[in-house]
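# A structural walkthrough
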Amino acid sequence: MKNFVKSSYLALVALIATAFSACTNDYEYTAATAPENEVYFSNALASTIEIDKNAGSFEVALNRVSDKGSITVPLTFEAGEGNVFNVPASVTFADGQKETKIAVTYNPDDIQYGQYVGGTIKIGGAEFDTTYGISAYTFNAGCTAWVAWGTGSYREDCMTTFFGVENVVYDVQIEKNKIEEGMYRMVNAYGKAYPYNETGNWDDSQDYYITINAKDPKHVYVEKSPTGMDWSHGMVSIWSLASYNIGKGSSVDAVIAEHPEYFGTLENGVITMPANSLLISMANYNNGGFYTSGVNGQWAVALPGSAIADYSVNFAYTGRYTDKDGNNYCCGNITWGPDVAYAKYALTTADELQNTYEAIMAGAECGVAEQQGEVRMPFETSGNYIVLVVPYDSDGIAQEYATVKVKLDDGKGQASEWQPAYIGNFKYTLFFGSD
């Protein structure tokens, strides 16, 4: 059917073309001339205008076909709801000028951040009619408190709660609030930029923001933020425990006093949140209940011009070594991230882990790895042990430690299976409700 219609249309065009060609000797075409005072708005004008709150005015371009003579063009303005702008009753083209500017004025005190209003400017007077252009221009103008800042980086540590994905680091666009110092937000951090996403995993019909309150650099928190991402269980949202409690009516100072561990920090351009201080939910999972996230303590945002340091460390068990005197050693390889200068390590037990860590911090003797590679730690009896590894930066400052559980056999009894365990502790807390 479509081919038939298309063929009929082509035949009709051919017939018309033949009819016109048959009488070309008797027909003369004279192009229409545009009125000398034809005035119009360009179709390239943006319908939404960002303005400077304190400027007091902005300009709208008006064009004409001919540049001959000086003319004054009357204007009318149909104000939209909530309009705060004033449009002059006329505008003038100087001789030789094909474009002029309409100065739209306003009182800076009337401009509310995030509120966009306006109306329609029309060209008045029949002598200025436009044959091919646009005789009316509709706009909305306003001022946003958020401005683009640049590219930062994000180390994700929320999706690990439900899906166990890696703590990937990737580029994100950062905006800052020009009214409130210390307010930042990531733009579409869980959209196309997120390495684990596939097409269709996120809503691309609008922008989504992860908003971070770092007004107090020592007490940073993440505001409730829908991500726009859906991995088959409804839209994912994240926020921090601090923000959760503030949203329930507690003051910031009260939450700081009672739960300082809920807050992150902003240091050297990098925002970090402590382990288990974040929450995550999926809208269609358990009624949108919130669960503890950031379990690895790896959540971080590097603001433009800064970088996320990688102080990660790991111990991989390789076997038991017994020397000629019958002494046993737990052997394994210590590896670390590019920002680790060296690491201290010790073999301990679950009951003595905290004491061992505090002893290392106090300067007690322990193993020191100046470079990555194999280390040996003596042990006497079979049992369950923990390898404690503390990374240090180039200034000799200890970073967050890592632990690996190992089961060791002294060789005097039945051999045991050796296998490393996952690093870190897991804690899940369910928060019902969406507020």
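Just so it is clear, the structure is predicted and the values come from calculations on it, not from any experiment. Residue numbers run consecutively from 1 along every chain, following the written order of its sequence. Only residues with pLDDT of 70 or above have their local features reported here, since the model is predicted, and side-chain atom pairs are shown and tallied only from 80 upward, although totals for entire chains, interfaces and linings are computed over all residues. Heavy atoms throughout the structure, all of them, feed into the side-chain values; hydrogens and water do not.

### Describing the pairing of strand β19 (residues 278–282)
Our working definition: Only protein chains enter the accessibility calculation, which uses a 1.4 Å probe; a residue is then buried when its area is under 20% of its type maximum, exposed when over 50%, and partly exposed in between. Segments assigned H or I by DSSP are reported as helices when at least four residues long, segments assigned E as strands when at least two residues long, and all are numbered from the N terminus. In this analysis, strands are considered paired if DSSP registers two or more bridges between them.
With five of five residues buried, β19 is to be regarded as a mostly interior element. Residues L278, I280 and M282 point to one face of β19 and L279 and S281 to the other, with burial holding for every one of them. Here five bridges tie strand β16 (residues 235–240) to β19, and the two strands are oriented antiparallel to one another. Each residue of the ladder has a partner; that of W239, found in β19, is L279. Pairing of β19 with strand β20 (residues 290–293), which is carried by three bridges, proceeds in the antiparallel orientation. Residue pairing across strands places I280 opposite Y291, the latter belonging to β20.

### Quick look at the packing of aromatic side chains
Going by this rule: The criterion for an aromatic pair is that two Phe, Tyr or Trp rings (for Trp, the six-membered ring) have centres within 6.5 Å, with stacked assigned to planes under 30 degrees apart, edge-to-face to planes over 60 apart and tilted to the rest. Charge-over-ring contacts are defined here by two conditions on Lys NZ or Arg CZ: a distance within 6 Å of the ring centre and an angle within 35 degrees of the ring normal.
Counted under the stated rule, the structure contains 28 aromatic pairs. Ring centres of Y357 and Y401 lie 4.7 Å apart, and the angle between their planes is 45°; this geometry places the pair in the tilted category. With a gap of 44 residues between them, Y357 in helix α5 (residues 353–361) and Y401 in the loop between β27 (383–392) and β28 (402–408) connect regions that are remote in the sequence. Aromatic ring contacts, followed pair by pair, group Y154, F162, F163, Y170, Y190, Y194, Y196, W231, Y285, Y291 and W299 into a single cluster. One cation-aromatic arrangement involves K176 over W149; the distance from NZ or CZ to the ring centre is 4.8 Å.

### A short note on the pairing of strand β8 (residues 117–123)
Looking along a regular strand, one sees the side chains alternate between the two faces of the sheet. Counting buried residues along β8, six of its seven residues qualify, which places the element largely inside the surrounding structure. Judged from the five bridges that link them, strand β4 (residues 71–79) and β8 form a sheet pairing that is antiparallel. Residue F77 lies in a different strand from β8, and its bridge partner there is I121. With six bridges connecting them, β8 and strand β9 (residues 136–142) associate as antiparallel partners. Looking across to β9, one finds that G119 is bridged to F139.

### So, the side chain of R155
Threshold: Only four residue types enter the charge count: Lys and Arg as positive, Asp and Glu as negative, with His and the chain ends excluded. Put simply, a salt bridge is a Lys or Arg side-chain nitrogen that is within 4 Å of an Asp or Glu carboxyl oxygen. Nitrogen and oxygen atoms within 3.5 Å of one another constitute a polar contact, given that in protein one can donate a hydrogen and the other can accept it, and given that sequence-neighbouring residues count only through two side-chain atoms. We call two residues in contact whenever any of their non-hydrogen atoms come within 4.5 Å of each other.
Topologically, R155 is positioned in strand β10 (residues 146–155). Comment: no salt bridge for buried R155; closest opposite-charge side chain is D310, at 5.1 Å. Side-chain polar atoms of R155 contact the backbone oxygen of A309, separated by 3.2 Å. Once residues lying within four places of it in the same chain are set aside, the contact partners of R155 are N167, V168, V169, Q298, W299, A300, I308, A309 and D310.

### Observations regarding α5
The periodicity of an α-helix, 3.6 residues per turn, causes residues three or four positions apart to be oriented the same way. Short version of the rule: Arc definition: it is the arc formed by the directions from the helix axis to the C-beta atoms.
Buried within α5 are the following residues: L353, T356, Y357 and I360. The arc that holds the buried residues of α5, viewed along the axis, is 100°, so those residues lie on one side. Positive backbone phi, at 95°, marks G363, one or two positions downstream of α5.

### A word on the sheet that holds strand β17 (residues 265–267)
The eight strands are arranged β14-β13-β12-β11-β10-β21-β18-β17 in an open sheet whose pairing can be described as antiparallel. Each edge of the open sheet is held by one strand with a lone partner, namely β14 (221–222) and β17. Bridge count for β10 against strand β21 (residues 300–302) is three bridges, and the pairing is antiparallel. In the sheet register, Y154 faces β21, and the bridge partner there is V301.

### Let's talk about the side chain of R185
Position of R185 relative to the elements: it lies in strand β12 (residues 183–187). A distance of 2.7 Å separates a polar atom in the side chain of R185 from a polar atom in the side chain of E175. For R185, the residues in contact, after removing those within four places along its chain, are W146, Q173, I174, E175, Y209, I210 and T211.

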